[in-house]
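Residues per chain, in single letters:
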Amino acid sequence: MREVPVAGPWITEKEIAYVTDAAANAWYRRANEYYGRFEKTFAEYIGTKYAVCLPSCTSALHLSMAALKIGPGDEVILPDCTWTATAEPIIYQGGTPVFADIDRETWCLRPDAFEAAITPRTRAVIPVDLYGNVPEWDAILDIARRRNIAVVEDSAEAIGSTYKGKKAGAFGDTGVFSFHGTKTLTTGEGGMLVTDREDLYKRVLVLRDHGRKPGDTGFYFEEIGFKYKMSALQAALGLAQIERVEELITRKRQQFAWYQRELKNVPGLRINVEPPETRNSYWMNTVVLDSKYDWPKEKLQKQLAAAGIATRPFFYPLSSLPAYKDYVRPAIKERNKVCYDISPWAINLPSALSLTEDDIRYVCDELKRLLGARG
Ligand SMILES: Cc1ncc(COP(=O)(O)O)c(C=O)c1O
């Protein structure tokens, strides 16, 4: 049977050459070369002053929380529908996640929902560029500035997306990226923290190396830090990928165009949007079924899997999950109505960079056949 993967990278001879060189030579005097090149190229691409490569996006979020001194008693607002890693680092620091509602079209944090969730304890907000979509940044930043709230942009899924010409990741006090194997740009596992703030940059460099200042080779520790470092082999892979990033995004956009063409006449189905003045890098091609189909996402996934088509569920509202039971505000389903409306009926379709036009036609034909059979 045909097998259509849900996610996966695009690796060429360039990546293999860089990683081979790193394995052979990125030691002794050349030990730091690939980190430096990867960080510099990445910062230039995003348009920020600084970039720090890390072992994951989760660690980049953790360092953001730690550098902003989020601690017990502090509240951090985030969209209710996102990956669990957006919320966990708030709790690592002893802070409280506050889940707010998303926009029906972009599936990102809604400015009015953000504002309504603010209390005197709110210290930060983490808007998420979900599946490559971007939120209404002007409105979000305006609220954050007026209310003196720090902004951490979770751009894990949105490398190359833009809002009014500015790259995703560049909007907050810090921005964070994931290079997990499912992402558009991958290092296997890995992440990056970007910022324009020199104070945060310097603090992150200390915190990510056991509390030592960069270059300090003494063993005299003045504070507790973390060990969050990427390997040179990963940085070499990342450098090759960032040098090809526009090629990767062009492929993603082409794949989305194929989905759009194949699905445009299907009633009761919504897919990713690209509002004016934005560019969507379409990490995950996503469909939201009209609830009239009465077809829970888990069942639809099972049917597609029977045809060899791998999918992922749209994120469950974090506030609905056992892991977050201690952080649920009263009447959460009414407050976060859009999350609770959309999540049961939405899935991510196959979005691997390896997919051909024919693969995507196969997926859409199967989806249309299944939907047609339900009338
Ligand atoms: C929105 C979001 N935030 C954070 C992360 C965490 O990334 P990582 O797995 O690199 O720690 C992911 C990863 O999938 C994500 O999708």
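Residues numbered from 1 in each chain as written. Predicted model: local features only at pLDDT ≥ 70, side-chain atom pairs only at ≥ 80, totals over all residues. Heavy atoms only, no water.

*Asks:* What's the story with a nonpolar patch on the surface in this structure? I'm lost.
*Replies:* Together, W27, Y28 and L233 give the surface a local cluster of nonpolar side chains, amounting to about 410 Å² of exposed area. As for its placement among the helices and strands, L233 is situated in helix α8 (residues 232-243). (Patch = residues over 30% accessible without salt bridge, like charges linked within 9 Å, V, L, I, M, F, W, Y side chains within 5 Å. Areas by Shrake-Rupley, 256 points an atom, 1.4 Å probe, with all protein chains shown as cover. Salt bridge = Lys/Arg side-chain N within 4 Å of Asp/Glu carboxyl O. Helix = DSSP H or I, 4+ residues; strand = E, 2+ residues; numbered from the N terminus.)

*Asks:* Teacher, can you tell me more about the pattern of salt bridges here?
*Replies:* When charged atoms on two side chains of opposite charge get close, those side chains can pair. Applying the stated rule across the entire model yields 34 salt bridges. With its nearest N and O atoms 2.6 Å apart, the salt bridge here joins E274 to R253. Of this pair, E274 sits in the loop between β10 (269-271) and β11 (278-279) while R253 sits in helix α9 (residues 245-263), placing them 21 residues apart in sequence. Residue classification places R253 among the partly exposed positions, given a relative accessible area of 27%. Where salt bridges share partners, they join R2, R261, E262, E357, D358, D359, R361 and K368 into one cluster. (Buried < 20%, exposed > 50% of the residue type's maximum accessible area, 1.4 Å probe, protein only.)

*Asks:* Just checking my understanding: could you explain the nonpolar core for this structure?
*Replies:* Across soluble globular proteins, you tend to see nonpolar side chains buried next to one another. Core analysis: the biggest nonpolar cluster contains 30 residues, and L54, L63, M65, V76, L78, I126 and L193 have the highest contact counts within it. When residues of this core are traced back to their parent elements, those giving at least two are β1 (50-54), α3 (57-67), β2 (75-79), α4 (84-92), β5 (150-154) and α7 (198-207). When residues no more than four places from it in sequence are discounted, the contact partners of L54 are S59, A60, L63, G190, G191, L193, R208, Y228 and M230. Within the second largest apolar cluster, 27 residues are counted, among which are Y34, A51, V194 and I249. (Core = buried A, V, L, I, M, F, W, Y, C linked by side-chain atoms within 4.5 Å. Contact = heavy atoms within 4.5 Å.)

*Asks:* Where do I start with the sheet that holds strand β6 (residues 162-163) in this structure?
*Replies:* The strands making up a sheet associate through backbone hydrogen bonding, with each pair oriented either parallel or antiparallel. Taken in spatial order, the three strands make up an open sheet running β7-β6-β11, and their pairing is antiparallel. The open sheet has two free edges, formed respectively by β7 (166-167) and β11, since each of these has just one partner strand. The pairing of β6 with β7 spans two bridges and is classified as antiparallel. Counted as the bridge partner of T162 is K167 from β7. (Pairing = 2+ DSSP bridges.)

*Asks:* Whenever I open this one, the pairing of strand β4 (residues 122-125) confuses me. Can you help?
*Replies:* Successive residues of a regular strand alternate their side chains across the two faces of the sheet. Summarising the sheet, β2 and β4 pair through three bridges and their orientation is parallel. By the bridge assignment for β4, E75 is matched with T122. Direction of pairing for β4 relative to β5: parallel, over a ladder of two bridges. Within the sheet, the bridge partner assigned to V125 lies in β5 and is V151. On the question of chirality, the crossover connecting β4 to the parallel β5 by way of helix α6 (residues 137-146) is right-handed. (Right-handed = clockwise from strand over helix to strand, strands pointing away.)

*Asks:* Can you help me understand the site of the ligand in this one?
*Replies:* In the vicinity of the ligand there are 14 residues, among which T58, D154, E157, S178 and K183 approach most closely. A distance of 2.9 Å separates an oxygen atom of the ligand from a polar atom in the backbone of C57. Between the ligand and the protein, one listed contact pairs an oxygen atom with a side-chain N or O atom of S178 at 2.7 Å. Isolated, the ligand exposes 390 Å² of accessible area, and the fraction of that covered by the protein chains is 92%. Of all the secondary structure elements, the ones that give two or more residues to the shell around the ligand are α3 and α4. (Near = heavy atom within 4 Å. Polar contact = N/O pair within 3.5 Å; in protein donor to acceptor, adjacent residues only side chain to side chain.)

*Asks:* Which parts of the structure should I look at to understand α7?
*Replies:* The periodicity of an α-helix, 3.6 residues per turn, causes residues three or four positions apart to be oriented the same way. Where α7 is concerned, the buried positions are L200, V204, L205, V206 and L207. Buried residues belonging to α7 abut β1, α3, β8 (174-178) and β9 (191-195).

*Asks:* Please explain the sheet that holds β8 as it appears in this structure.
*Replies:* Within the open sheet, the seven strands sit side by side as β1-β9-β8-β5-β4-β2-β3. Their pairing is mixed. Each having just a single partner strand, β1 and β3 (96-100) make up the two edges of the open sheet. On average, each strand axis in the sheet is inclined to that of its neighbour by 25°, with strand direction left out of account. Contacts between α3 and the sheet are confined to β1, β2, β5, β8 and β9, with β8 contributing the most and set at about 165° to the helix. Seen against the sheet, α7 touches β1, β8 and β9 and runs at an angle of roughly 25° to β1. (Axes fitted to C-alpha atoms, helices over the stretch in contact; angles between N-to-C directions.)

*Asks:* Can you help me understand the pairing of β5 in this one?
*Replies:* For β5, the buried fraction is high: five of the five residues fall into the buried class. Taking every second residue as pointing to the same face, both faces of β5 are buried, with A150, V152 and D154 on one and V151 and E153 on the other. As judged from the three bridges shared by β5 and β8, these two strands associate in the parallel manner. When the bridges of β8 are listed, E153 appears paired with G175.

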